[in-house]
Amino acid sequence: MRAACIAFLLWASLASADEVISGYEFLTPETQALQDDDFANPGMLWVEEGGSLFAQQCADCHTQGSNGNLEGVAARYPAFDQDAQTLLNIEGRINRCREIHLQAEPLAYESKALLALSAYVANLSKGHAIDVDIDGAAQRYFTEGRDYFFRRKGQFNLACSQCHDDHWGRMLRGDRISQGHPNAFPGYRLEWQAMGSLHRRFQDCDAGIRAQPLALGSRRYRSLELYLAWRARGLIIEVPGVRR
Amino acid sequence: MRLLVATLLIAGCAVEYLVVGDGMPAPLTKDAVLAESGRDVFVDREQGHCVLCHALENLDVPFQGNVGPDLSDVGLRLTPAQIRLRIVDASVVNPRTVMPPYYRTTDLHQVAESHVGETVLSARQIEALVVFLSLQRKKA
């Protein structure tokens with residue numbers, strides 16, 4: 001009886017509509033252990049590579065210069081950038097920095113270098129709670145992202161919300177549906193056997209419902225990223241997360 | 001009783017089907033189908049893969065999903081016409097359904113270029129499912 005009561009309370013606490021639960025909680029213990037151990041976590045290879053690139057290219061301004069270090073900064077992204085007059089995620093911020101301060105070409109989305117740098121910068125915010133600004137100029141992106149989340153699309157005619165708001169916790173064959181939070185990304189997916197961006201994850205979701213995936217870095221994916229960050233507000237950044 | 005004639009566009013030619021109440025009485029094809037092929041449609045990843053979301057007690061397949069209802073007794077709960085309509089387009093019965101429409105090509109958005117104008121399943125696959133599911137009559 002007591003065990004049943006505890007099981008019910010556990011279920012009731014997990015089933016609370018407002019509770020934000022990291023995708024980590026939906027993983028097997030083995031995958032969780034892989035993420036937890038920095039020496040075993042394959043995503044750390046990208047973080048370390050990013051650390052080297054950062055030391056070569058960015059450290060003049062950031063750790064030694066007036067811009068200080070970037071600890072906690074990724075928790076506030078995506079953010080509207082006044083100079084660029086658009087919504088920038090970490091990948092966009094890095095490329096903007098390269099363009100303005102290094103007079104360098106932007107790095108291609110999903111290139112090894114951009115994944116490494118964005119993983120490094122996001123890792124500097126590991127343990128920080130997501131806290132994005134959705135007011136002012138960011139508001140229209142937020143609305144656009146929310147619309148994308150609730151819009152049915154693809155041959156399967158499914159909205160993101162139907163799985164990740166309405167049916168999380170249920171089983172799709174052997175996989176428990178998560179709440180669809182972005183806090184692991186850039187992250188290492190076992191399915192990819194590689195590090196990948198959140199936008200690459202979006203493309204997989206869209207392809208899964210047989211919707212035409214949007215371009216990496218596209219405005220609608222950045223807007224969706226902002227909506228998801230707001231939806232996951234308070235959740236701790238886990239980069240580099242490991243996901244199935 | 002509500003009567004509704006819906007028009008479906010498949011590869012340029014219009015196919016009409018008849019919705020009566022919450023069912024679709026007429027088969028989508030007159031081809032003979034076997035329950036055994038319905039089982040394959042239900043299970044195969046390349047076909048319906050219904051087991052992703054639905055469970056059947058009389059099915060020896062691991063990790064059956066539970067996003068949709070258990071269908072072990074669906075043959076007792078629903079007529080073949082009702083089962084057919086729910087596969088063709090469950091949103092006719094419940095606009096908020098999470099069940100994808102398996103035989104509809106209109107009023108969809110951002111469909112992958114490789115699938116534009118195609119139904120998820122063929123008429124034959126759906127009729128095989130209707131036969132197979134109508135035989136699921138396990139009493140609770």
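Since this is a predicted model, take the numbers as computed values, not measurements.

Chemist: Explain the packing of aromatic side chains here, please?
Modeler: Residues and elements named next belong to chain A. One pass over the full model with this rule turns up 15 aromatic pairs over all chains. On the basis of an interplanar angle of 80° and a centroid distance of 5.1 Å, the ring pair of Phe142 and Trp230 is categorised as edge-to-face. Of this pair, Phe142 sits in helix α7 (residues 139–150) while Trp230 sits in helix α10 (residues 219–231), and the two are 88 residues apart along the sequence. When the ring of Tyr148 is compared with that of Tyr221, the centres are 6.3 Å apart and the planes differ by 85°; the resulting orientation is edge-to-face. With Tyr148 in helix α7 and Tyr221 in helix α10, the pair connects residues that are 73 residues apart, well separated along the chain. Residue Tyr148 shares its accessibility class with Tyr221, and that shared class is buried.

Chemist: It is not clear to me how unusual backbone geometry should be interpreted in this structure. Could you clarify?
Modeler: Of all residues except glycine, most have a negative phi; of all peptide bonds, most are trans. The peptide bond linking A:Phe185 to A:Pro186 adopts the cis configuration, its omega dihedral lying at 0°. Its place among the elements puts A:Pro186 in the loop between β4 (175–176) and β5 (187–189). Positive phi values are uncommon outside glycine, yet B:Phe63 reaches one of about 55°. Here B:Phe63 lies in the loop between α1 (35–43) and α2 (74–77). In the Ramachandran plot, B:Asp107 falls in the positive-phi region, its phi being about 55° despite a non-glycine side chain. Relative to the assigned elements, B:Asp107 resides in the loop between α3 (80–89) and α4 (123–134).

Thresholds, definitions, all that
Residues numbered from 1 in each chain as written. Chains lettered and ligands numbered in written order. Predicted model: local features only at pLDDT ≥ 70, side-chain atom pairs only at ≥ 80, totals over all residues. Heavy atoms only, no water. Phe/Tyr/Trp six-rings, centres within 6.5 Å; stacked < 30°, edge-to-face > 60°. Helix = DSSP H or I, 4+ residues; strand = E, 2+ residues; numbered from the N terminus. Buried < 20%, exposed > 50% of the residue type's maximum accessible area, 1.4 Å probe, protein only.

Just distances and angles here, no functional claims.
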